[in-house]
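# Reading the structure
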Amino acid sequence: MHSSAWAAGAPATTRCSALLQPLPHSLAPKPFTAISKGHGRSPARQLSAATSSWTCAAATSAAASSTLRGSEQSPFLRPLAPSATLTPASSGPRVICRSAATAAPPAQATAPAGSEVEYEAVIGIECHVQLLTRTKAFCGCPSEFGSEPNSNVCPVCLGHPGTLPVLNSEMVTLAVRAGLALGSDIARVSKFDRKQYFYPDLPKGYQISQYDEPICSGGRLEVEVDGQLKSFGIIRAHLEEDAGKIVYAGADRLSGADYSLVDFNRAGVPLLEIVSAPDMRSGRDAAAYGEELRRVLRTCGVTDGNMAEGSMRVDVNVSVRPRGSPVFGTRVEIKNMNSFSNMQKAIDFEIERQVSLNRAGRGSEIVQETRLWDEIKLVTNTMRKKEGLADYRYFPEPDLPPLTVSEEFIQGVKSSMPELPAAKRARYLSLGLSRGDVAVLTDETATSDLLDAVLALGAPVKPAANWIQGDIMAYCKESKIGMDALAISPSALAEMIGLIEDGTISGKIAKEVLPDLLQGKGNKGVRAHIEKRGLLMISDEAAIGAMVDKILEANQKQLQEFRSGKTKLQGYFEGQVMKESKGRVNPGLMKEILMRKLQGE
């Protein structure tokens, strides 16, 4: 069992109280219902002038800091580098934040019924990203997909009495890395809170999350949408733990299932929830935002972004209002989207549904609810209505002190940041690649990594790009593997391209040997492998001349037609010679010899 995460001597003086005042509706459905005494925390941040109205009063309190578990406690843990350690918080003012849930609905954006009204959508996205740590957020259990149900569990993540959480330092590193990539403000002091609700997949009866003092706040993501550059705001990004997974026997959902089972392997897996501003206006905007966010986070090694495995999950909030109205419409949440394509379709359907109801004078039928996307019928269906806003009774997690990160730690993470996708796209464009090529080559980190490695070995840009996004990418798709799973070395690919450029082999020969090379068979020498297969280019003039003579002798009729002025037959003769040589003849030399013989020289 892990020991407590409290620093020695730090006071535990957290207090809670009843509801005090209504929470602005724009922050729903995450109500806060506590007065909390901090432990060396800085004042709560103003996350967004449009979405936050915290009332804070300062007092004083003693300091405390998070103790992070190191690798000596579990073989799965990875400690921070000595130069990037977390330092204790200094004594400072405590913060009392007052806000509460309210069941009052927002003011409804209304307009006269009729098709003459032009509506616009208002869309925001909450993205839950599973962090690429080897262990869970607060215990040493492996954080991995596909294990036997309930095999990666322990008393801590199952919420057994007497157990205490110990913060995984690697999740802090990844959260800071994500925040830096998104241009967020990294809080030097943040805290964890208990979000309390009951559900079968939540063994503790509460989720450890961050509420009013997240680790990241603010930021923006620049996204190209159909050739137009758009900027979407980030409100916040906070750390939390995942819940378990409910498996329905006999059906893929509760309806129609014979019974339910719970797999707690996912309980306690570290997440970073990234909340966008409501800046998107279409399904295409939202899909482009999600795709770019995943590229950024994958590039930084924050997550693998595998939506099929649930390591990146998105919830979308959609409302419509008359264009130009300052009042938001009734917000509807959409879940169950396992791809960005489905997310775009779900949003576009929901926008059309809400607009149609408004134009029919039935706007009152748009209510706050959660809807599920049905990818078979291509519609959204009601999952549950929201009579009012849920009261999660947030209060500071008493078993975890405030998390303090030093400036030195942040600078250490910043110095290890990779080139971000936007910068990489600009660099590729400067190399002369087209926008279409750049979009394909930068979509996956493994693809751009291979290209960069081949270019570093001296391969010409355009041929290297063409081979990677053409034949190699097609091979990966057919084999159902990622480019990072290929056995070919960058030097072997660069050598193959060099042999084509200097005329040693033709493109046709390269295509023939490429499957072998992609399996690593030419890593010790591409030329030697091609020689072994007897596929080196025929560049001997006498041998080529003999092949040309044979073709001309067998095609006397076409030869006479060519000499009578039907010069387009030159392509026919070239094809016949290539066929005779099985694609091994040097095409440039062959064309030169063929033309001389066609003209009777």
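Given the structure is predicted, the values throughout are model-derived calculations rather than measurements.

## A look at the overall build of the protein chain
Scanning the protein chain from terminus to terminus reveals 15 helices and 21 strands. Here the protein chain holds 601 residues, and 50% of them are scored as buried. If you sum the accessible surface of the protein chain, you get close to 26800 Å²; carbon and sulfur atoms cover 53% of it.

## Overview of the pattern of salt bridges
Taken as a whole, this structure holds 39 salt bridges when the rule is applied. Note that K230 is salt-bridged to D285, the shortest N-O span being 2.8 Å. Note that K230 is positioned in strand β12 (residues 228-241) and D285 in helix α2 (residues 283-299), a separation of 55 residues in sequence. On the basis of relative accessible area, K230 is assigned to the partly exposed category, the value being 24%. A residue is classified by how much of its surface remains accessible, and D285, at 3% relative accessible area, is buried. In this structure, the salt-bridge partner of E531 is R527, at a minimum N-O distance of 3.4 Å. One end of the pair, E531, and the other, R527, are both in helix α11 (residues 526-532), 4 residues apart, so they sit about a helical turn from each other. Residue E531 is classed as partly exposed on the basis of its relative accessible area, which comes to 42%.

## Observations regarding the sheet that holds strand β20 (residues 395-396)
Judged by pairing direction, the sheet is antiparallel, and its 3 strands sit side by side in the order β9-β8-β20 without closing on themselves. The strands lining the two open edges of the sheet, one partner per strand, are β9 (206-209) and β20.

## Considerations on helix α14 (residues 570-581)
End to end, α14 covers 17 Å across 12 residues, agreeing with the expected 16 Å (1.5 Å per residue, within 8%). Of the positions making up α14, those classed as buried are F573, E574, V577 and S581. Looking straight down α14, one finds that the buried residues subtend no more than 100° of arc, so they occupy a single side. On its buried face, α14 sits against α12 (541-554), α13 (556-563) and α15 (587-598). Positive backbone phi, approximately 60°, marks K582, located one or two places after α14.

What counts and what doesn't
- Residues numbered from 1 in each chain as written.
- Predicted model: local features only at pLDDT ≥ 70, side-chain atom pairs only at ≥ 80, totals over all residues.
- Heavy atoms only, no water.
- Helix = DSSP H or I, 4+ residues; strand = E, 2+ residues; numbered from the N terminus.
- Buried < 20%, exposed > 50% of the residue type's maximum accessible area, 1.4 Å probe, protein only.
- Areas by Shrake-Rupley, 256 points an atom, 1.4 Å probe, with all protein chains shown as cover.
- Salt bridge = Lys/Arg side-chain N within 4 Å of Asp/Glu carboxyl O.
- Pairing = 2+ DSSP bridges.
- Expected span 1.5 Å × (residues − 1).
- Arc of directions from axis to C-beta.
- Contact = heavy atoms within 4.5 Å.

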